[in-house]
Structure formats: structure tokens, C-alpha cells
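Residue-level structural notes
Here's the letter readout for the chains.
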Amino acid sequence: MSALICEVVYRGIFQKNLASRITRGIVLSARKSGRWGIAFGRYGDSPQRNGVPAKDFAIVADTKEELEQNMARYEPKHVDVTICVDDTLAKGVESWAWYGLQPINRLTLPDGTLLMTSLQPFEDLLRDIHKKDEPYTLAVIRARASFSGLWVYKEDHTEVRILGALAKIAPSFLTLDGVCQAIGEMEWGSELKVASVRKAYERLEARRVQPGEGNPEVPYAFEFPRWWEMREGVTIPAIPIGKPKEGGKGYVPERNPYFKKFSTRTMRPVVDFDTCVKCNLCWIACPDSCFDVMPDGTFDANMEACCGCGVCEAVCPVENCITMVNEAVFEDNASQWDMWRNDKTAYKTWLTDKITNKKATVRSHGFRFRGQYEEEVKTDLDAGGAEITAGIPGENAKHKTI
């Protein structure tokens, strides 16, 4: 008796339907392969929120009894395959009601597989993925992140390509023929999608990761209060209003020290402090109070508080003053303002490199204009659809003429 346990780590709302299709596809493919299967989401105290990491699970077993043994768990403690459908989550995940930063491979069993969709080389991914003490396999489907969410489903075949890859990774549980048959019979299946399953099966790339390879950093964590340390009655105090920054100038909003939002971020704002007109709009519009007011009156996005929603970019009236850039091209959460103040010439070079990278400035979620998804998926399905990079992100782009 044996079982295959898979987790799908995805971004809440943005990839909700994508994750649902993947886990449902696993179960139906298992039945076509002569196995038993079940899919379920993580326990409901972790509500779906825009971009916040979430999990779905699927279990496949040889027998009904084996399946029942693995069912109805709050969260499996170990999985054979971790599926990650956004490579910016390689840096780790933290969602509502999770505590600290979890490495993306935390639940992956020794000799298990971490399957990701990504255009990055293996070595770039391993700079972000935390190291483990046991070997595992890093498998990659070449595609950029697909944001197929609650309101719009982007038919770029990501879900069936994941299923084709799983048939290669775990053939004793999901046969290629079983997956193709299931896809062909689903209401959202088609012959074209069956062809995508077979292509993903043939083109899956994999690399063995040895113990100790990967990001050596210790993930952020904190200790739970002991029962005798808890307050009576209401235990959530209000957050103070904040404090001045250097020499009584500037302002730093107080923030919850235990709730780090950076793992919810797929993109981050890059700020050109030389062109900032100090209009306050980014500071006022930010829903997470992530901007610090600096002593010179400019605004620095605190990278431990920023969730990457992009509102600041949309409201900024100055062209290229705030530009959203893919999280994957950054290696730390250092202050951009400190970089700029220490060496303005070097910062200008760094900023120009980031905001002129057309692959890194493509919006990973959300719309620039009505009908964008249909335009993107007309061609080049193997690469996740054609990228639309023209124009300045944000509805106010045409007004950015200051």
C-alpha cells in the first residue's frame, strides 16, 4: 500500500481557480489510472486574500483504505510533490494564520520533488529556495506565472501542463494515458490541452538538489507567547501611531512586528528619488502604510511591509518615478532610499537596470486594460502567452507628464 501526497502552493484569489483545477485534475487522472484520490483546501481559518499564499492538497492512493488513512488532515506534515505556480514564492511563503516564513520546500520529503513554473535557470531559483538537509529534485516547467483567479480564468494551459509533468514525476500513480483521458473528458478539456499534457511530459526539466544546496538564510520566525504571558481579555493591542525618523525629521508608521507581508509580493515598487515631487499620493494611497517619510520629504517603501499591490505606481503622477518590478530580480529587502543616499550614481545605474528590464516589468497580475488576457493568450501558449509590455503600467499612465 502506498500513497502520493501533493500540495499546491498558490496565491490566494489570483490563482484560486488554477489551483482548484490542478488538484481536481489530479483526482480525476488518478481514477483514470486505476487509483483513488481526493482533493481539499487548507483549513478555513486561512481565508483567501489577494496574493496571500495559500495551499490546496491532493492525495492519490492504491486503495480506498489507504486514501481514508490520509484524509481530512489540517495540513499534511510531509508531501511527495510540492507544486509552486509562482516562482516568486521560491523565497518562502507566509499567509494569514501561518507563523513566520516557511521555505517553499519545507514539507517536501527526502527524494521528493519541488515542481515549479518558471523561466529562471535552476541556479537562480536555488539562490532563493532555502536549503534542506536531504536531497530532493527541482523540476521546472518553462512558463511564467499564470494568474488565473477568481474572476478571470486565463486559458494558458498551465493546469494541464502541471498534470503532464506529474505523470512524468509519479508514473506509478498518474499514468500519461490516464491524465490525457481525464483531460479529454473534463468540461474544460480539449484536444489542444491533451497535446499540451504530452508536451509538458516530454519537456519537463529536472535537477537533483544535494543536501545543503540553496539559500543558507534562516527563515524569519518568532516564538509564540506562553500562556502565562497572554493578557486577560482583549489580547490585540492597537498599533501606536509611529515616530519621527532621523533628527526628528520624517515619519515611520508603526507596524505589526510579527506580520511580514513581503512573501505576498510578486512585484515591488522601485522609486526614483531624483524625480519624486513629494506629492504624498503614494503615502496616502498605500493600503498597508508601507511608505516611510524620509528626512528630505521623499518616500521609501518599507520592503517588509509592502505587499506589492501596485497602487503607489498607479497614483504616482510622475512618469517612471515608481515602477513595479518582478520580485524575482531582487535578493534582499534593503532600503532603496539608503542605497540612493549612499551613492546616487550607483543607485541610478541600479534603478535603470531594473525598470528597463522588459521581462521584469511585465505586470504579473491585474489588468492594464480591458481584454488584456485575451490578447496575451492568442499566441505562444508554450511560453505562457505573449507578453504585453508596451506602455506604462497603471491607469494614470497617460497623465504622467510632469
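Here goes a summary of the coordinates provided.

The rules behind these values
Residues numbered from 1 in each chain as written. Predicted model: local features only at pLDDT ≥ 70, side-chain atom pairs only at ≥ 80, totals over all residues. Heavy atoms only, no water. Helix = DSSP H or I, 4+ residues; strand = E, 2+ residues; numbered from the N terminus. Expected span 1.5 Å × (residues − 1). Buried < 20%, exposed > 50% of the residue type's maximum accessible area, 1.4 Å probe, protein only. Core = buried A, V, L, I, M, F, W, Y, C linked by side-chain atoms within 4.5 Å. Contact = heavy atoms within 4.5 Å. Pairing = 2+ DSSP bridges. Axes fitted to C-alpha atoms, helices over the stretch in contact; angles between N-to-C directions. Right-handed = clockwise from strand over helix to strand, strands pointing away. Phe/Tyr/Trp six-rings, centres within 6.5 Å; stacked < 30°, edge-to-face > 60°. Lys NZ or Arg CZ within 6 Å of the ring centre and 35° of its normal. Lys, Arg positive; Asp, Glu negative; His and termini not counted. Salt bridge = Lys/Arg side-chain N within 4 Å of Asp/Glu carboxyl O.

Its 12 residues place the ends of helix 4 (residues 158-169) 16 Å apart at the C-alpha level, agreeing with the 16 Å of an ideal helix rising 1.5 Å per residue. Burial of helix 4 is extensive: 10 of the 12 residues sit out of reach of the surface. The set of residues buried in helix 4 consists of Thr158, Glu159, Val160, Arg161, Ile162, Leu163, Gly164, Ala165, Leu166 and Ala167.

Here the focus is the nonpolar core. In this structure, Ile22, Ile26, Ile83, Leu115, Ile162, Leu166 and Ile183 are the most contacted members of the largest nonpolar core, which totals 38 residues. Where this core is concerned, the elements lending two or more residues are strand 1 (3-11), helix 1 (16-32), strand 3 (53-61), strand 4 (79-84), strand 6 (136-142), helix 4, helix 5 (176-185) and helix 6 (191-203). Element by element, the count of residues in this core is highest for helix 4, at 6 residues. Ile26 has contacts with Cys6, Ala58, Val60, Ile83, Leu163, Leu166 and Leu174, leaving out every residue within four places of it along the chain.

So, about unusual backbone geometry. Positive phi, close to 50°, is recorded for Ser289, a residue that is not glycine. By relative accessible area, which is 38% here, Ser289 ends up partly exposed.

All right, on to the pairing of strand 4 then. Extensive coverage of strand 4 is indicated by the burial of 5 of its 6 residues. Relative to strand 4, strand 1 is paired through 4 bridges, and the arrangement is parallel. Paired with Val9 across the bridge in strand 4 is Cys84.

The next thing to look at is the sheet that holds strand 2 (residues 36-41). Spatially, 7 strands are ordered 2-3-1-4-5-6-7 in an open sheet, and the strand pairing comes out mixed. The outermost strands of the open sheet, each flanked by one partner alone, are strand 2 and strand 7 (205-209). Mean inter-strand twist for the sheet, computed between neighbouring axes without regard to direction, equals 20°. Pairing geometry for strand 1 and strand 3, over 9 bridges, is antiparallel. Following the sheet pairing, Ile5 is matched in strand 3 by Ile59. Contacting strand 1, strand 2, strand 3 and strand 4, helix 1 runs over the sheet at an angle of about 5° to strand 3.

Bringing the environment of Arg144 into the picture now. Position of Arg144 among the secondary structure elements: in the loop between strand 6 and helix 4. Taking the relative accessible area as the measure of exposure, Arg144 reaches 16% and is therefore buried. Taking the C-alpha atoms as reference points, Arg144 and Thr117, separated by 27 residues in sequence, lie 6.3 Å from one another.

Taking 1.5 Å per residue as the helical rise, helix 1 with its 17 residues ought to reach 24 Å, and the 25 Å between its terminal C-alpha atoms agrees with that figure. Those residues of helix 1 that fall on the buried side of the exposure criterion are Leu18, Ala19, Arg21, Ile22, Thr23, Gly25, Ile26, Val27, Ser29 and Ala30. Of the residues trailing helix 1, Gly34 is marked for its positive phi of about 80°.

So, on to the pairing of strand 5 (residues 108-118). Across the 11 residues of strand 5, 8 count as buried, placing the element largely inside the fold. With 5 bridges joining them, strand 4 and strand 5 adopt parallel strand pairing. Residue pairing in the sheet places Cys84 in a bridge with Met116 of strand 5. When strand 5 meets strand 6, the two strands line up parallel, connected through 6 bridges. Within strand 6, the position partnered with Leu115 by the bridge is Ala139. Handedness of the crossover joining strand 5 and strand 6 through helix 3 (residues 122-128): right-handed.

Right, let's talk about the packing of aromatic side chains for a bit. A full pass over the atoms with the stated rule returns 8 aromatic pairs. A ring pair is formed by Trp227 and Trp228, whose centres lie 5.8 Å apart and whose planes are at 85°; its orientation type is edge-to-face. Across this residue pair, the class does not change: Trp227 and Trp228 are exposed. Considering the side-chain rings of Trp337 and Trp340, the 6.4 Å spacing of their centres and the 50° angle between planes classify their relative orientation as tilted. Highlighted residues: Trp337 and Trp340, both in helix 9 (residues 336-342), separated by 3 residues, approximately one helical turn. Three or more aromatic residues joined by ring pairs make a cluster, and in this case those are Phe273, Phe330, Trp337, Trp340, Tyr347 and Trp350. Just above the ring of Trp36 sits the side chain of Arg31; from NZ or CZ to the centre is 4.4 Å. The ring of Phe122 carries the charged tip of Arg142 above its face, separated from the ring centre by 5.5 Å.

Here we take up the side chain of Asp128. Here Asp128 is to be found in helix 3. One buried charged side chain, Asp128, makes no salt bridge at all; its nearest oppositely charged neighbour is Lys91, positioned 4.9 Å away. In this structure, Asp128 is in contact with Ala90, Lys91 and Asn215, ignoring residues within four places of it in sequence.

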